[in-house]
Amino acid sequence: MNRSWSRTTLSIAGAATALAVLTACGGSGDDSSDGGGTGTAAKPVNITFWGWAKGTKEVVDAYNASQKNIHVNFEETPSGNAGGYAKISNAIKAGNAPDLVSVEYPQLPEYVSQGGFQDISTYLTSDIKAKFLPQAIEQTTLGGKNWAVPFDAAPQAFFYRKDLFAKYHVEVPKTWDEFKAAAGKVKKADSKARIGTFFPDDPTTFQAMVWQAGAQWFKADGDTWKVNTTDAATTKVADYWQGLVKDGLVRSDASFSPAWTNSLKTGGTIGYLGASWGGGVMKSTLPEQSGKWAVAPIPTWDGKPASGMLGGTTFAVPKNSKKAEAATAFAKWMTTTEDGIKARISSGTSSAFPAALALRPAAKKAFDTAFYGGQDIYQVFEDGGTSIQQGWTWGPATGTTNTTLKDQFGKVAGGGATIPGAIKAAHEATVAELTKRGLKVED
């Protein structure tokens with residue numbers, strides 16, 4: 001066990017009591033019609049898998065080539081916030097969802113609370129769970145049941161153009177005060193360049209920032225959900241980013257949009273506040289800039305290491321699947337075997353940071369660091385992981401929270417809304433949604 005990681009165990013387990021009543025409507029694994037659980041070479045089980053993470057096709061191809069009892073039919077979907085979650089939700093409602101789907105940690109509680117996923121506890125035995133970071137298991141355990149197989153952890157990181165930082169005589173910021181000062185220096189050195197981006201379409205990036213600052217938006221106390229998005233940590237982060245946007249020190253582009261990508265290609269944006277998985281994204285998006293980028297710890301408020309988690313993937317079985325055992329077997333192969341990790345990272349598009357501790361060396365070895373000038377970026381991720389702040393719990397209405405934030409964030413750059421105002425609107429919408437579902441709420 002990596003003790004530095006175990007010290008940062010998250011408190012999603014504290015939500016177990018409040019979630020217990022919610023998870024009662026979830027399904028349980030049923031393989032009665034799947035031809036014998038995990039099938040045979042003569043009669044393999046065919047499962048359908050939806051996902052969008054980089055390197056997934058290569059993983060599916062490697063799995064299908066490695067054994068004959070289960071065959072995976074892969075369909076690439078838009079990323080979650082870009083339509084993937086809507087597609088999953090619609091399929092579950094229509095009763096034609098696939099056997100396995102990608103879902104990020106923030107969205108998992110909502111699907112579980114709505115009865116959309118199956119309890120797969122039967123297939124996640126204690127020896128399997130012991131392979132993963134404690135916090136990864138805790139974030140996928142709700143109401144005392146296991147609802148997904150965790151894949152990666154996603155500590156924050158700062159990606160930057162080291163050649164342009166040197167050209168503009170800008171030091172890599174270690175604090176948020178230094179980040180703001182550096183942003184001013186970049187803009188002054190090149191009026192068309194910016195140090196980073198505010199993503200109006202991606203509330204999870206902002207939520208990682210408030211998580212890092214020590215905020216705790218949701219807490220479960222008995223059968224009551226306590227909602228607090230106006231604490232001092234959140235207010236500090238919101239005011240800070242409102243100032244950066246208002247002063248024109250960062251861009252406001254949709255994440256991974258053509259506009260954002262073009263600004264990276266032209267040197268209009270020379271930094272990216274992302275997470276461990278961003279290493280592969282940058283490498284595959286900007287191959288012509290190989291050797292020009294580096295990775296640093298995310299800036300912090302006091303200069304001491306601290307991180308939130310930005311996304312992170314799990315694999316869950318929708319309630320209508322009759323092939324839960326086979327689907328979970330494939331998910332476990334993806335997440336706990338060296339072959340699964342090597343297939344994904346050797347694709348050259350993924351820098352996933354496995355939640356299975358023993359696979360970190362394999363991931364590190366498989367990732368070609370030439371794009372980062374040979375830098376050991378996995379050590380940056382490891383250091384970031386040890387500093388993930390404790391206490392963050394995702395609520396059971398993340399969809400409502402994030403939809404409201406996204407709608408309001410989209411108006412910030414034009415002056416039609418403010419970041420603090422957006423958070424207030426999201427708070428009100430979330431409380432209303434939880435109340436509508438008959439849950440006890442305290443705000």
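Refer to the preceding data block for the structure.
Rules used throughout
- Residues numbered from 1 in each chain as written.
- Predicted model: local features only at pLDDT ≥ 70, side-chain atom pairs only at ≥ 80, totals over all residues.
- Heavy atoms only, no water.
- Axes fitted to C-alpha atoms, helices over the stretch in contact; angles between N-to-C directions.
- Helix = DSSP H or I, 4+ residues; strand = E, 2+ residues; numbered from the N terminus.
- Parallel < 35°, antiparallel > 145°, perpendicular 65-115°, else oblique.
- Contact = heavy atoms within 4.5 Å.
- Nonpolar A, V, L, I, M, F, W, Y, C, P; charged D, E, K, R; others polar.
- Buried < 20%, exposed > 50% of the residue type's maximum accessible area, 1.4 Å probe, protein only.
- Pairing = 2+ DSSP bridges.
- Right-handed = clockwise from strand over helix to strand, strands pointing away.
- Core = buried A, V, L, I, M, F, W, Y, C linked by side-chain atoms within 4.5 Å.
- Expected span 1.5 Å × (residues − 1).
- Arc of directions from axis to C-beta.
- Polar contact = N/O pair within 3.5 Å; in protein donor to acceptor, adjacent residues only side chain to side chain.
- Salt bridge = Lys/Arg side-chain N within 4 Å of Asp/Glu carboxyl O.

Student: Looking at this structure, how should I read the packing of helix 9 (residues 176-189) against helix 11 (residues 232-246)?
Tutor: Two numbers describe a pair of packed helices, the interaxial angle and the distance between the axes. Where helix 9 contacts helix 11, the two axes come as close as 11 Å, and the packing angle between them is 5°. Accordingly, the angle class assigned to the pair helix 9 and helix 11 is roughly parallel. Contacts between helix 9 and helix 11 pair Trp176, Phe179 and Lys180 from the former with Tyr240, Trp241 and Leu244 from the latter. Among the residues forming the contact of helix 9 with helix 11, the class breakdown is five nonpolar, no polar and one charged.

Student: I would appreciate a short explanation of the pairing of strand 2 (residues 45-51) in the present structure.
Tutor: Taken residue by residue, a regular strand's side chains alternate between the two faces of the sheet. Counting buried positions over the seven residues of strand 2 gives five, a clear majority of the element. Two strands pair when backbone bridges link them, and strand 2 and strand 3 (residues 70-76) are joined in this way by seven bridges, in the parallel orientation. Paired with Trp50 across the two strands is Glu75, which belongs to strand 3. Once the chain exits strand 2 it traverses helix 3 (residues 56-66) before rejoining the sheet at strand 3, and the crossover so formed is right-handed. With two bridges joining them, strand 2 and strand 4 (residues 100-104) adopt parallel strand pairing.

Student: Quick question: what am I supposed to make of the environment of Ile345 here?
Tutor: Following the sequence through the fold, Ile345 ends up in helix 15 (residues 338-345). We classify Ile345 as buried; its relative accessible area is 2%. Taking the C-alpha atoms as reference, Ile345 lies 30 Å from Gly116; in sequence the two are 229 residues apart.

Student: Mind showing me how you'd approach the nonpolar core here?
Tutor: Counting residues in each nonpolar core, the largest one holds 113 residues, and the members touching the most others are Trp241 and Met282. Those residues in contact with Met282 that sit more than four places away from it in its chain are Phe159, Trp260, Leu264, Tyr272, Trp293, Phe371 and Tyr372. Formed by 17 residues, the second largest nonpolar core is a distinct cluster that contains Tyr85, Phe117, Trp147 and Ala316.

Student: How should I be thinking about helix 19 (residues 419-436) in this particular structure?
Tutor: Every α-helical turn comprises 3.6 residues, leaving residues that sit three or four positions apart pointing alike. Taking 1.5 Å of rise per residue, the 18 residues of helix 19 would be expected to cover 26 Å, and the 26 Å separating its terminal C-alpha atoms lies within 8% of that figure. Of the residues making up helix 19, those classed as buried are Ile419, Ala422, Ile423, Ala426, His427, Thr430, Val431, Glu433 and Leu434. Viewed along the axis of helix 19, the buried residues span an arc of 165°, placing them on a single side of the element. Summarising the geometry of helix 19, the exposed residues directed more than 90 degrees from the buried face are Lys424 and Lys436. At the N-terminal boundary of helix 19, the capping side chain belongs to Thr418, with an oxygen 3.0 Å from the backbone nitrogen of Gly421. Taken from the residues just after helix 19, Gly438 is the one with a positive phi, measuring 85°.

Student: What should I look at first to understand the sheet that holds strand 19 (residues 440-442) in this one?
Tutor: What links the strands of a sheet is backbone hydrogen bonding, and the strands pair in either a parallel or an antiparallel sense. Pairing is mixed across the open sheet formed by three strands, whose spatial order is 12-13-19. The sheet is open, and its two borders are formed by strand 12 (218-221) and strand 19, each paired with just one other strand. For this sheet the average axis-to-axis angle between neighbouring strands, irrespective of direction, equals 30°. Strand direction decides the pairing type here: strand 13 (residues 224-227) and strand 19, joined by three bridges, are parallel. Bridge assignment links Lys226 to a residue of strand 19, and that residue is Glu442. Running at roughly 170° to strand 13, helix 19 makes contact with strand 12, strand 13 and strand 19 of the sheet.

Student: Sorry if this is basic, but what is going on with the sheet that holds strand 16 (residues 293-296) here?
Tutor: Ordered by their spatial adjacency, three strands build an open sheet running 15-10-16, and the pairing between neighbours is antiparallel. Unpaired on one side and paired on the other, strand 15 (271-275) and strand 16 mark the two borders of the sheet. Strand-to-strand twist in this sheet, taken as the mean axis angle between neighbours without regard to direction, amounts to 25°. Bridging between strand 10 (residues 156-161) and strand 16 involves four bridges; their strand directions are antiparallel. For Arg161, the partnering residue across the bridge sits in strand 16 and is Trp293.

Student: Can you walk me through the pattern of salt bridges in this structure?
Tutor: When the charged atoms of two side chains lie near each other, side chains of opposite charge can form a pair. Inspection of the entire model under this criterion finds 11 salt bridges. For Asp61, the salt bridge goes to Lys57, with nearest N and O atoms at 2.9 Å. Residue Asp61 and its partner Lys57 are both found in helix 3; the two are separated by four residues, about one turn of the helix. A salt bridge links Lys364 to Asp376, with the nearest nitrogen and oxygen atoms 2.8 Å apart. Taken together, the residues Lys364 in helix 16 (residues 360-366) and Asp376 in the loop between helix 16 and helix 17 (377-386) connect sequence positions 12 residues apart. You can call Lys364 partly exposed: its relative accessible area is 39%. Assessed through its relative accessible area of 32%, Asp376 is described here as partly exposed. Via salt bridges that share partners, Glu110, Glu433 and Arg437 belong to a single interconnected network.

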